[in-house]
Amino acid sequence: MRAAIATVGPDGPNVSPKGSLIIFDDNHLAYWERAKRKALESLAHDPRVVVVYSNMKAFREKKLQSAVLRFYGTAKVHESGPIKDAIFAKLNEREQKHEGADTGFGVLVKIDRAEDLRGRPLE
């Protein structure tokens, strides 16, 4: 997925690309946090996030009604345990073998609201 995570930390807003973003289940997105920089620091300050997903190819092929989707939610960092393991297991092989993957954390985002770029709710 082509995605970015917007967070707000003690120093203000932050946007981080997240190549590991996955659909975890019907109500959650997830990603693997291996950089452990601003995004992780921001989540400790305020767990609310906006995930921005872009897919021009799917839009041109009429698989999506909008090229950009926004998901608003609350993130929870899983440094260990079954949720962390489940997130890691769902990552593609490249993300699992990426340098630093073995020291990363799983981040689960509960989706509260989803909309397209024009603010239309996703169904």
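For the structure itself, look to the data block above.
Criteria and cut-off values
Residues numbered from 1 in each chain as written. Predicted model: local features only at pLDDT ≥ 70, side-chain atom pairs only at ≥ 80, totals over all residues. Heavy atoms only, no water. Buried < 20%, exposed > 50% of the residue type's maximum accessible area, 1.4 Å probe, protein only. Helix = DSSP H or I, 4+ residues; strand = E, 2+ residues; numbered from the N terminus. Pairing = 2+ DSSP bridges. Axes fitted to C-alpha atoms, helices over the stretch in contact; angles between N-to-C directions. Contact = heavy atoms within 4.5 Å. Core = buried A, V, L, I, M, F, W, Y, C linked by side-chain atoms within 4.5 Å. Phe/Tyr/Trp six-rings, centres within 6.5 Å; stacked < 30°, edge-to-face > 60°. Lys NZ or Arg CZ within 6 Å of the ring centre and 35° of its normal. Salt bridge = Lys/Arg side-chain N within 4 Å of Asp/Glu carboxyl O. Polar contact = N/O pair within 3.5 Å; in protein donor to acceptor, adjacent residues only side chain to side chain.

Draft legend 1. Structural view of the pairing of strand β1 (residues 3-9). Where burial is concerned, most of β1 is hidden: five out of the seven residues are buried. Where β1 lies against strand β5 (residues 48-54), four bridges are found, and the strand directions are antiparallel. When the bridges of β5 are listed, Ala3 appears paired with Tyr53. Direction of pairing for β1 relative to strand β2 (residues 12-17): antiparallel, over a ladder of six bridges. Within β2, the position partnered with Ala4 by the bridge is Pro17.

Draft legend 2. Expanded view of the sheet that holds strand β7 (residues 105-116). With antiparallel pairing, seven strands are arranged side by side in an open sheet as β2-β1-β5-β6-β7-β4-β3. Each edge of the open sheet is held by one strand with a lone partner, namely β2 and β3 (22-25). Put simply, the sheet's adjacent strands are angled 35° from each other on average, direction ignored. Contacts from helix α1 (residues 38-45) reach β1, β2, β4 (28-33), β5, β6 (68-78) and β7, with the element oriented near 50° to β1.

Draft legend 3. Quick look at the nonpolar core. By size, the foremost hydrophobic cluster in this structure holds 15 residues, and its most contacted members are Leu21, Tyr31, Val49, Val51, Phe71 and Val109. For this core, the secondary-structure elements that each account for two or more residues are β1, β4, β5, β6 and β7. Counting eight residues, the second largest nonpolar core, distinct from the first, contains Phe24, Ala30, Ala101 and Leu108.

Draft legend 4. The arrangement of the packing of aromatic side chains in detail. Throughout the structure, instances matching the rule amount to one aromatic pair. The positively charged end of Lys36 is found above the aromatic ring belonging to Phe105, 4.4 Å away from the centroid. For the cation-ring pair, Arg113 lies above Tyr72, with the distance from its terminal atom to the ring centre recorded as 3.8 Å.

Draft legend 5. Representation of the pattern of salt bridges in the model. Counted according to the given criterion, the structure contains twelve salt bridges. With a closest N to O distance of 2.7 Å, Arg34 and Glu95 form a salt bridge. Note that Arg34 is positioned in the loop between β4 and α1 and Glu95 in helix α4 (residues 93-97), a separation of 61 residues in sequence. Classification of Arg34 as partly exposed rests on a relative accessible area of 24%. Given a relative accessible area of 4%, Glu95 falls into the buried group. Each of Arg34, Arg94 and Glu95 takes part in salt bridges that share partners, so that together they form one network.

Draft legend 6. Spatial organisation of the side chain of His28. Relative to the elements of secondary structure, His28 occurs in strand β4. Separated by 2.9 Å, the side chains of His28 and Asp25 make a polar contact. In this structure His28 touches Ile23, Leu108, Val109, Lys110 and Ile111, once residues within four positions along its chain are discounted.

This is a description of form; function is not addressed.
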